[in-house]
Amino acid sequence: MFLNISGYVFSAVFLVEMLFKVLTLGLFFGSESYCRSAWNVVDGSLVVASLVDIVVSMTPASHSKMLGILKVLRLMRTLRPLRVVKRAPKLKLAMEALITAVKPVGNILLVCCAFIFFYAILGLQLFKGKFYTCRGEYIDDITNKTDCLSANYRWEQKDFNFDSLPQALISLFVMYSKDGWVTLMYDGLDAVGVDQQPVINHNEWMLLFFISFMIVSFFLLDMFIGVMVDTFHNCQKQQKKLAAEAKNRSQCGAGAPGEAEVPQQTPYQASYSRMRLSIHTLCTSHQLDLFMAVLIFISVLIMAVEHYQQPLYIKKLTEYSHYVFTSILVIEVLLKLVAFGVLRFLRNSWNLMDLVVVLVSIMSIVLNLMRVSQHIPVNPTILRVSRVLRLAQVLKAKRIRVLLTTIIKTLSQVGNICLLFLFFFSIYATLGVEFFGQLECIEDDLCLGLNEYVNFKHFGMALFTLFLVCTGDNWSVIMMDTLKQCRPGECSHYLMWVSPIYFIAFVVIAQFVLANLVVAVIVQAMEDSNQVKEEGVSRVSAANLVVSGTSDPIYLL
């Protein structure tokens, strides 16, 4: 009841919004009319579908006649999350980039379809009618279908087979997604003939069919990555071009600003004493970074020696080494405090990380020596886990630090793609509840993928199930479970063709398109970072030619 009322309220609010926009902009005529924007068309279509759904549900007609119309209209309501895309500029930008990639991705899909279609025809000729097996207690003496049935056993078809072209296409797509392809290959090796019981490794030459398919599929999968990287690069280049043109137009009226002379700044360490300047030179030297890197590496190796039921000498070795490494880290922090000063030291996030590691290490040592575990609610030995924080200091290496900085800069763009993932998952989860929410596993044909923890009974479980499918974890078995019979009168025969389309489309979009879009964002960010680095080096080189003075590098924080 609450859901129906809330649906009526939201439909009314969206209808009022649509009417205001139509009255303000016009419906068809004019450059800024309502129907000129594709996003407005999506909004309007959803509003109309909701209104028709409400009217049809209130019509005093037979339930059976209106059931088909209601299902179609309620499925359209799953597209409502797309309304949010229009109102989030960055999300809209990511969606437009994804739409731009439709054409090149479509070309790759055509190539993949032609490749899979060729192998499906070949597999149909090689394995047609051969993917059957006898199910029973004692099948060692069973050689064919007649022996199986005469022994009152079951002669069953395997879930993935090549008995028809659609079945062959589905089986090859499962192999293409790298899910369960080894099982399919073994079934092909064991196949003997039509109505013949499989024999282990009967025809090893069939390896050529499966191995060649997997090798080519690797190259085709990499083509998805290349296309997404190239498309995202072109979209970003176009966006930068438009932003530069807008900036030039805004500065055109103001005129060219005069070049202001940049005053030369005195380095902060110029007033240091000779002793403090020596400490500063040590703290900014490459030798200290190299020494600390070696020290961290040795510390990690000693931590890796620990194991369950370890001898006493290993325990003492790890304890004393912890004291030594902590002492060296304390000395490093103190030297940097003297060299840079407290404020400059705290401005650097890497120094803050060192400070946190040192403080937690000292706290764990003090509490362990005081043996106060019985007087505080938290066991001090938990702080020993803080030793693992030393691994984070490996990130201070120059190359790794540049890579980490690049990844951090891409988090906003990756966040937009994650929002696209969320909307995409929401739409598919709603469809999954509508299609497969009533499925039940029966005793005669138990489910292998769907269970009480993986199902489509409600929206939350559907999201979790789709996440498993997105990771490629046994998704083909889940698809086969949705093709099985459900309780009479609670689901329709259309699941036999809806289920493969649902799961295959989801895998293509989630695993091959959106996941590779994240790779494209990171690759493009690394390219931009290298370009900025080269420009910065060229500017520094030009400045060194002009500015006179000391040639030694000045390390500023």
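Higher on the page you've got the structure.
Keep in mind that this is a model prediction, so the values were computed, not measured. (Residues numbered from 1 in each chain as written. Predicted model: local features only at pLDDT ≥ 70, side-chain atom pairs only at ≥ 80, totals over all residues. Heavy atoms only, no water.)

### Quick look at the overall build of the chain
- Within the chain, the regular secondary structure consists of 20 helices and two strands.
- For the chain, the residues scored as buried account for 35% of the 557 residues in total.
- In the chain, 71% of the contacts between residues at least 6 apart in sequence involve partners at least 24 apart.
- Counting every atom, the chain has about 34300 Å² of accessible surface; 66% of that belongs to carbon and sulfur. (Helix = DSSP H or I, 4+ residues; strand = E, 2+ residues; numbered from the N terminus. Buried < 20%, exposed > 50% of the residue type's maximum accessible area, 1.4 Å probe, protein only. Contact = heavy atoms within 4.5 Å. Areas by Shrake-Rupley, 256 points an atom, 1.4 Å probe, with all protein chains shown as cover.)

### Structural notes on the pattern of salt bridges
- Within the structure shown, the criterion is met by four salt bridges.
- The partner of Lys-158 in a salt bridge is Asp-187, and the shortest N-O contact between them spans 3.0 Å. On the criterion of sequence distance, the pair formed by Lys-158 in the loop between strand E2 (154-157) and helix H8 (165-176) and Asp-187 in helix H9 (residues 181-190) is long-range, its members being 29 residues apart.
- Accessibility expressed as a relative area gives 16% for Asp-187, which makes it buried.
- Residues Lys-336 and Glu-332 are paired through a salt bridge, measuring 3.4 Å at the closest nitrogen-oxygen approach. Linking Lys-336 with Glu-332, this pair stays in helix H13 (residues 312-340), spanning four residues, or about one helical turn. By the burial criterion, Lys-336 is buried, and Glu-332 matches it.
- A cluster of three or more residues bridged by salt bridges with shared partners is formed by Arg-135, Arg-154 and Glu-156. (Salt bridge = Lys/Arg side-chain N within 4 Å of Asp/Glu carboxyl O.)

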